[in-house]
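# Notes for the structure review
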Amino acid sequence: MSALDHTQLRTLLKRAEQIVRDVMGKARLARVETTITKSHQDFVTNIDHAADKHLEEALGALLPDCPILSEERAVVHRGKLERYWIVDPIDGTLNMMAGLPFYAVAVCLVDQDGPLISVVGAVAQDEIYTAIRGAGAKKNGLALKLDETVPPPALIVPSTGLLDKIMSSHPAAYDALRKAGKIRNLGSQALHLARVAEGSFAAVASIEAKIWDEAASGLILLEAGGVWRSAADQADWSCPALLMEVEQQNSVSAHPLVADQIASALNKVF
């Protein structure tokens, strides 16, 4: 595969955005008809499967011979890949099932250096976040850029797995987090990070988040001037199977003014 120039990336991003919009539109109209329990409090529905199939077919046509890897399909590429898509068809399935308007579609084109272009769609709000590596981030076509002179809202989002570990083994870390802000968790990691990028949250932290939860919105946050640190920092992005099998992402996604404070509070937990 040859490298993609900036014009090609912009064209790909525009087309990927339309694909995500198509999936979002179908998801808003669909009803949950079948539900499978994947693990404790983790589900997949007919809507997840339909979204996954649409993304596989549409992105496959967009870049032939570029694999599409997702949460809903096992990774079959055990070796190195020059380029591939990571997608999360529905991030926040339980919210969707419960009628809560906080779930997303996330799509990210990855190369050996990491996320290259990203689209994250907030389904219920019909909002789109996008980014190109080295070229900035946008929300609904308008530039996203965090202001490092203005403190973010004192709202932080620890994952449920992180809270479980803190409460069982590291109670002091909870006090440290509470000094940084009030606790919120709205149930979609992709949107949590996107909301940090737009300045709505100060920070998001997780032990158990997977790479498909964070890759797309992680790029958006970085391009907006935020911080995204995780196990992926030391990963070989050309080996997606290993990347997607990481059990502990240990991620901190934050406004630059609070990133070190959050990381310090969680150092012993991680």
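Right, let's walk through the structure included here. (Residues numbered from 1 in each chain as written. Predicted model: local features only at pLDDT ≥ 70, side-chain atom pairs only at ≥ 80, totals over all residues. Heavy atoms only, no water.)

Our next topic: a nonpolar patch on the surface. A surface patch of nonpolar side chains, about 210 Å² in accessible area, is lined by Val32, Leu94 and Met97. Mapped onto the elements of the fold, Met97 is located in helix H3 (residues 93-98). (Patch = residues over 30% accessible without salt bridge, like charges linked within 9 Å, V, L, I, M, F, W, Y side chains within 5 Å. Areas by Shrake-Rupley, 256 points an atom, 1.4 Å probe, with all protein chains shown as cover. Salt bridge = Lys/Arg side-chain N within 4 Å of Asp/Glu carboxyl O. Helix = DSSP H or I, 4+ residues; strand = E, 2+ residues; numbered from the N terminus.)

Below, the discussion takes up the pattern of salt bridges. Applying the stated criterion across every chain yields a total of eleven salt bridges. Note that Glu127 and Lys139 form a salt bridge whose closest N and O atoms lie 3.6 Å from each other. Here the residue Glu127 occupies a position in strand S7 (residues 127-132), and Lys139 occupies one in strand S8 (residues 137-139), the gap between them amounting to twelve residues. Residues Glu127 and Lys139 agree in their burial class; the two are buried. One salt bridge connects Glu198 with Lys139, and the closest N-O pair in it is separated by 2.8 Å. Of this pair, Glu198 sits in the loop between helix H6 (189-197) and strand S12 (203-206) while Lys139 is found in strand S8, placing the two residues 59 residues apart along the sequence. In this structure Lys139 comes out as buried when scored by relative accessible area, which is 19%. Several salt bridges share partner residues, and in doing so they unite Glu17, Arg21, Arg28 and Asp126 into one network. (Buried < 20%, exposed > 50% of the residue type's maximum accessible area, 1.4 Å probe, protein only.)

Further remarks concern helix H5 (residues 171-180). Residues of H5 that are buried: Ala173, Leu177 and Ala180. Seen from one end, H5 has its buried residues packed into an arc of 50 degrees, which puts them on one side. Exposed residues pointing more than 90 degrees away from the buried face of H5 are listed as Pro171, Ala172 and Lys179. (Arc of directions from axis to C-beta.)

This part takes up the sheet that holds strand S6 (residues 114-122). The strand order across the open sheet built from seven strands is S3-S4-S5-S6-S7-S8-S9, with neighbouring strands paired in mixed fashion. In the strand order of this sheet, the two ends are held by strand S3 (68-70) and strand S9 (142-144), each with one partner. Averaged over all adjacent pairs, the angle separating strand axes in this sheet is 20 degrees, with direction ignored. In terms of strand pairing, S7 meets S8 through three bridges, oriented antiparallel. The residue bridging Tyr129 from the neighbouring strand is Lys139, located in S8. Relative to strand S4 (residues 83-91), helix H2 (residues 46-62) is tilted by about 155 degrees, and along the sheet it contacts S3, S4 and strand S5 (104-111). (Pairing = 2+ DSSP bridges. Axes fitted to C-alpha atoms, helices over the stretch in contact; angles between N-to-C directions. Contact = heavy atoms within 4.5 Å.)

In this section: the sheet that holds strand S13 (residues 227-229). Here we have five strands laid out as an open sheet, ordered S11-S10-S12-S14-S13, and mixed in their pairing. Only two strands of the sheet have a single neighbouring strand rather than two, namely strand S11 (182-183) and S13. Looking at chain direction, S12 and strand S14 (residues 251-254) are connected through four bridges and run antiparallel. The residue bridging Val204 from the neighbouring strand is Ser253, located in S14. Sheet strands in contact with helix H9 (residues 259-266) are strand S10 (155-158), S12, S13 and S14, and its direction is about 155 degrees off that of S14.

The next thing to look at is the environment of Gly92. Relative to the elements of secondary structure, Gly92 occurs in the loop between S4 and H3. Judged by relative accessible area, Gly92 falls into the buried class, the value being 10%. For the pair Gly92 and Ala190, spaced 98 residues apart in the sequence, the C-alpha separation amounts to 8.6 Å. Among all residues touching Gly92, those that are not within four sequence positions of it are Tyr103, Gly187 and Ser188.

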